[in-house]
Amino acid sequence: MDNWIPKRVLISVVIFILLLPSSLLAKTLRVVLDRDYPPFTYIDKDGHLVGISVDFWKLWEEKTGIDVQLIPVQWAEAFEIIKERSADVIDTIFKTQAREEFLDFTNPLFQMTSSIYYNPSIGKITSLKDLTPYVVGVKEMDALIDVAKAENPSIQFKFYKNYSDIVRSAKNGEIQVFLMDDLPANYYLVKYDLLYEFLKTEPFAFNYLYLATQKGNTEVLSVLNNGLSKFSWEELSKLVKNYTVVLERQPHWVRPLFYTLLALFLILLALIGINRFLARRISQATKELRDKNEELTTLYEELKASNEELEATYEELKASNEELEELYKELEESVNLRLKTFETISKLASLNIEEGDFLEDILKLTLETIPKAKAGSVFLVEEDGNISLVKTKGHSKELEGFVFRKEELLDVDDATVIKNIIDLNREIMPEEKYKTIEMFTRPIKETLVSPLDWEDRKFGYITLDILEDGNHFTETDLNIIRWLSSVIASFYAIRNYVKEERTFLNTIVATLTKALEYYDIYTKGHSERVARYSLKIATRLGLDAETARKIYWAGYLHDIGKIFVPQVILNKNGFLDAEEYEFVKIHPVKSEELISQMESLENIEKIIRHHHERWDGKGYPDGLSRENIPLGSRVLAVADAFDAMTTERPYRRALTLQEAIEELRRCSGSQFDPKIAEVMILIIQEELIL
């Protein structure tokens, strides 16, 4: 019995060792990762795998003593490798419900935000719901696909193997919009010189990157979490900062200041040259006088004294000039500050400026106006009542995006000076969140807090911080921050007015279109499709965003005049006779009459009136031909005809897409503008035929 007990223990140990993964027995973790996810992993110009993750795993080996084998592949292949258990770990992966079905995740490693990137020529994009009319580039198997579909199921995606192909496609004009994590997007936009060509929205996704292993692989999961516990937040942040590139535009005042300083330098050189020239002439004259006559020694002494007096006068003039230069510099700084103030205020009425850019400009202007404040932040109240820190300057950018509950921050109703605000926050803020805020915030001696109010509603705060002893905010500073707070409130008031106006316009158009669909059973969905096709054509033609918008709305409302045509004719189950057709031909004119009465839809009625004109002049109502037909009407004519061809009617079947292409080519140059017909054919071939 005594010998039997050790045997059982020995057998249990052997079985446990046999069940351990072979990679752990060899003290080697096999890690599969995306070979094209900069700045985390990418291949440099010498063919080496580099990036944040590569540095992380090197540091892992030092801290844990466990060797790591990195396996770089295309991202779509990484999932197959981990499912086949050809690797132990998958690196830098977002956690989703679908992935949790076959993967176990570690504690979070890096924070990541994701945004919409778009060409400003297509108009303003603010959210995923605005992407319905466009083809959106995205990486295969990217977690952003599920996030976007959940918000807008109507998005049309174009899938790419890697991020590099997405940005190259955007540079070549093949796509106008793409979704991407912000760090890789910044890397590739800089690489392909597109950083200032594409705009980005506020992040629509806030996530964390994790390490993951196969579902139920508790041994590897335990090793990973134990290893991660050896890393500090500072070490992880440093890894990211080593690969983060921040580009700033050169301030507009740098070039004038350079030329001013250059001119002053040249003037100074000229004065020095003149002085040396005069000194040489005086020395030469003195020598000649000494050689000619010693009697002129007295006169020479007088001249010497005069020269010394002249030099003293020059020194006085030089000192005066330096004083004038200092006064000029102060004047220039004051003028520049006022110009920046006017420039920032002028952006209130601009609909193209991003909210984040405006807030960053106003925060920068505030710090320049009150220079004793070396840091500041802007907070906005979200719809759920939580408060988000959206912009900061002087403190770490890691703070941007932090969300606080209302009770976790001090509340004020007017501009107020608060001393040692970080210590006060500690009393009302959870300890863990307080430590994070303290980590990324520079020491603060005094804070000026001003609420942002509009229509009796507090929608945010702006704060300024004094970081050094000896300075204090004054009543003048309080008045300045109150004024700047009203500027920010005006910006949001204007944005809200424009948003309400556009919502009202959308409602009008949707109501009119729905009314027509009830009246004419054959037009259900027709107006929406014609509008969508028209926008695609306008985009391919390179038209500006405002013109494309007018054509889009004209497509929605082009048939509204049909409510003046008897229903018995519109819904006739067969071909129309000549008299009935004459009734139908009045609808473009009636559409124009209706639309011209709506102020919000001005400038599109002519597009609608002429959408049944023909390129050869045989159309109606005015028989216009060729370029005499408005461009928008020519676009609408092709889109309208294509949808009619491909829609089932009682008296004929719908044409196939190939048959529609042949019909467009047959009527090109007679019914349709040849250039626009060819663009529609390309859209069918590249976007509609799979």
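Residues numbered from 1 in each chain as written. Predicted model: local features only at pLDDT ≥ 70, side-chain atom pairs only at ≥ 80, totals over all residues. Heavy atoms only, no water.

Colleague: In this structure, what is going on with the overall build of the chain? I would like to understand it.
Modeller: Scanning the chain from terminus to terminus reveals 24 helices and 18 strands. Counting every position in the chain, which comprises 690 residues, the buried fraction comes to 40%. For the chain, contacts bridging at least 24 residues in sequence account for 65% of all contacts bridging at least 6. Summed over its atoms, the accessible surface of the chain is roughly 37,800 Å², and 54% of this surface lies on carbon and sulfur atoms. (Helix = DSSP H or I, 4+ residues; strand = E, 2+ residues; numbered from the N terminus. Buried < 20%, exposed > 50% of the residue type's maximum accessible area, 1.4 Å probe, protein only. Contact = heavy atoms within 4.5 Å. Areas by Shrake-Rupley, 256 points an atom, 1.4 Å probe, with all protein chains shown as cover.)

Colleague: For this particular structure, what's the right way to read the pattern of salt bridges?
Modeller: One side chain can pair with another of opposite charge once the charged atoms of both are near each other. Under the defined criterion, the tally for this structure stands at 31 salt bridges. Measuring nitrogen to oxygen at the nearest pair gives 2.9 Å for the salt bridge that ties Asp-413 to Lys-458. One end of the pair, Asp-413, is in the loop between strand E15 (403–404) and strand E16 (416–419); the other, Lys-458, is in strand E18 (residues 457–466), with 45 residues separating them in the sequence. Taking relative accessible area as the criterion, Asp-413 reaches 65% and is therefore assigned exposed. Residues Glu-475 and Arg-482 are paired through a salt bridge, measuring 3.7 Å at the closest nitrogen-oxygen approach. A residue is classified by how much of its surface remains accessible, and Arg-482, at 28% relative accessible area, is partly exposed. Each member of the salt-bridge network shares a partner with another, and the members are Arg-405, Glu-407, Glu-408 and Lys-433. (Salt bridge = Lys/Arg side-chain N within 4 Å of Asp/Glu carboxyl O.)

Colleague: Would you mind going over the side chain of Arg-609 with me for this structure?
Modeller: Structurally, Arg-609 is set in helix H21 (residues 605–609). Engagement of the side chain of Arg-609 in a polar contact is seen with the side chain of Glu-592, the distance being 2.6 Å. Of the polar contacts made by the side chain of Arg-609, one reaches the side chain of Asp-622; its length is 2.8 Å. Each residue touching Arg-609, except ones within four places of it in the same chain, is listed here: Pro-588, Val-589, Glu-592, Pro-621 and Asp-622. (Polar contact = N/O pair within 3.5 Å; in protein donor to acceptor, adjacent residues only side chain to side chain.)

Colleague: How do you make sense of the packing of aromatic side chains when you look at a structure like this?
Modeller: One pair of aromatic rings is described through two measures. These are the centre distance and the angle between the planes. On inspection of all chains with the given rule, the structure shows 22 aromatic pairs. Measuring from centroid to centroid gives 6.2 Å for Tyr-188 and Tyr-192, while their planes differ by 15°, and the two rings are stacked. Judged by its relative accessible area of 3%, Tyr-188 falls in the buried class. Ring centres of Trp-553 and Tyr-556 lie 5.8 Å apart, and the angle between their planes is 35°; on these two criteria the pair is classed as tilted. Taken together, the residues Trp-553 and Tyr-556, both in helix H17 (residues 545–557) and three residues apart, mark about one turn of the helix. With a relative accessible area of 12%, Trp-553 lands in the buried category. Positioned above the aromatic ring of Phe-231, the side-chain terminus of Lys-63 is 5.5 Å from the ring centre. (Phe/Tyr/Trp six-rings, centres within 6.5 Å; stacked < 30°, edge-to-face > 60°. Lys NZ or Arg CZ within 6 Å of the ring centre and 35° of its normal.)

Colleague: I tried to follow the confidence of the model for the chain on my own but got confused; where do I start?
Modeller: Any residue range with low pLDDT should be treated as having predicted coordinates unsuitable for detailed reading. Confidence along the chain averages 81 in pLDDT terms, with 81% of residues attaining 70 or more. The low-confidence segment residues 346–351 (pLDDT under 50) makes 15 contacts with residues lying over four places distant or belonging to another chain. (pLDDT = per-residue confidence, 0-100.)

Colleague: What's the story with helix H4 (residues 75–83) in this structure? I'm lost.
Modeller: One turn of the α-helix equals 3.6 residues, which is why residues spaced by three or four share an orientation. Listed as buried for H4 are Trp-75, Ala-78, Phe-79, Ile-81 and Ile-82. The buried residues of H4 all sit within an arc of 165° when viewed along its axis, so they share a single face. Buried-residue contacts for H4 involve strand E1 (28–34), strand E4 (67–73), strand E5 (89–94), strand E6 (103–105), strand E8 (135–139) and strand E12 (205–214). Just downstream of H4, Arg-85 is the residue with a positive phi angle, here 60°. (Arc of directions from axis to C-beta.)

Colleague: Which parts of the structure should I look at to understand a negative patch on the surface?
Modeller: A grouping of Glu-301, Glu-308, Glu-311 and Glu-315 is seen on the molecular surface, where their side chains present a negatively charged patch. By secondary structure assignment, the location of Glu-301 is in helix H11 (residues 297–346). Residue classification places Glu-301 among the partly exposed residues on the basis of a relative accessible area of 42%. (Patch = residues over 30% accessible without salt bridge, like charges linked within 9 Å, V, L, I, M, F, W, Y side chains within 5 Å. Lys, Arg positive; Asp, Glu negative; His and termini not counted. Charge placed at Lys NZ, Arg CZ, Asp CG, Glu CD.)

Colleague: Mind showing me how you'd approach the sheet that holds strand E17 (residues 446–454) here?
Modeller: The pairing of strands in a sheet comes from backbone hydrogen bonds and takes either a parallel or an antiparallel form. Judged by pairing direction, the sheet is antiparallel, and its six strands sit side by side in the order E15-E14-E13-E18-E17-E16 without closing on themselves. Of all strands in the sheet, those bounded by a partner on one side alone are E15 and E16. Sheet topology places strand E14 (residues 387–393) next to E15; two bridges connect them, and they run antiparallel. Across the sheet, residue Ile-387 finds its bridge partner in E15, namely Phe-404. Along the sheet, helix H13 (residues 421–428) makes contact with E16 and E17, crossing E16 at roughly 85°. (Pairing = 2+ DSSP bridges. Axes fitted to C-alpha atoms, helices over the stretch in contact; angles between N-to-C directions.)

Colleague: What is the right way to read the nonpolar core from this model?
Modeller: Generally speaking, a soluble globular protein has its nonpolar side chains buried in company with each other. Among the nonpolar cores identified, the biggest contains 41 residues, and Leu-29, Phe-56, Trp-57, Trp-60 and Phe-178 are the most heavily contacted of them. Contacts of Trp-57, omitting those with residues within four sequence positions, involve Leu-29, Val-31, Val-68, Leu-70, Asp-91, Leu-211 and Leu-224. One finds Ala-538, Ile-604, Val-638 and Ile-681 within the second-largest nonpolar core, a separate group that totals 36 residues. (Core = buried A, V, L, I, M, F, W, Y, C linked by side-chain atoms within 4.5 Å.)

Colleague: Would you mind going over the pairing of strand E9 (residues 156–160) with me for this structure?
Modeller: Note on strand geometry: in a regular strand, side chains alternate between the two faces of the sheet. As paired elements, E8 and E9 share five bridges and run parallel to each other. Paired with Val-138 across the two strands is Phe-159, which belongs to E9.

Colleague: I would appreciate a short explanation of the packing of helix H16 (residues 526–540) against helix H22 (residues 631–645) in the present structure.
Modeller: Working note: a packed helix pair is described by the angle between its axes plus the distance between those axes. The interhelical angle for the contact between H16 and H22, taken along N-to-C directions, is 130°, at an axis separation of 9 Å. If you check the angle between H16 and H22, you find them oblique. Judged by the sense of rotation from one axis to the other, the crossing of H16 with H22 is right-handed. Touching His-526, Arg-529, Val-530, Tyr-533, Ser-534 and Ile-537 of H16 are Val-635, Leu-636, Val-638, Ala-639, Asp-640, Phe-642 and Asp-643, all from H22. For the contact of H16 with H22, a count of residues per class yields eight nonpolar, two polar and three charged. (Parallel < 35°, antiparallel > 145°, perpendicular 65-115°, else oblique. Left-handed = near helix turned anticlockwise from the far one by under 90°. Nonpolar A, V, L, I, M, F, W, Y, C, P; charged D, E, K, R; others polar.)

Colleague: Can you walk me through unusual backbone geometry in this structure?
Modeller: With an omega of 0°, the peptide bond running from Pro-38 to Pro-39 counts as cis. Residue position: Pro-39 is located in the loop between E1 and strand E2 (42–43). Look at the link from Tyr-620 to Pro-621: it is a cis peptide, with omega at 15°. Tracing the sequence through the fold places Pro-621 in the loop between H21 and H22. Located in the positive-phi region is Asn-420, a residue other than glycine, with phi close to 50°.

Colleague: Help me out: how do you make sense of the pairing of E18 in this one?
Modeller: The buried fraction of E18 amounts to eight of the 10 residues, a majority that puts the element mostly inside the structure. By the bridge criterion, six bridges tie strand E13 (residues 375–381) to E18 in an arrangement that is antiparallel. Pairing of Val-378 across the sheet is with Ile-462, part of E18. Examined bridge by bridge, E17 and E18 share nine bridges and lie antiparallel to one another. Bridging across to E18, Pro-451 finds its partner in Tyr-461.

Colleague: Help me understand the environment of Glu-648, please; the structure alone is not making it clear to me.
Modeller: Structurally, Glu-648 is set in the loop between H22 and helix H23 (657–667). When neighbours within four sequence positions are excluded, Glu-648 is seen to be in contact with Arg-653 and Ala-654.

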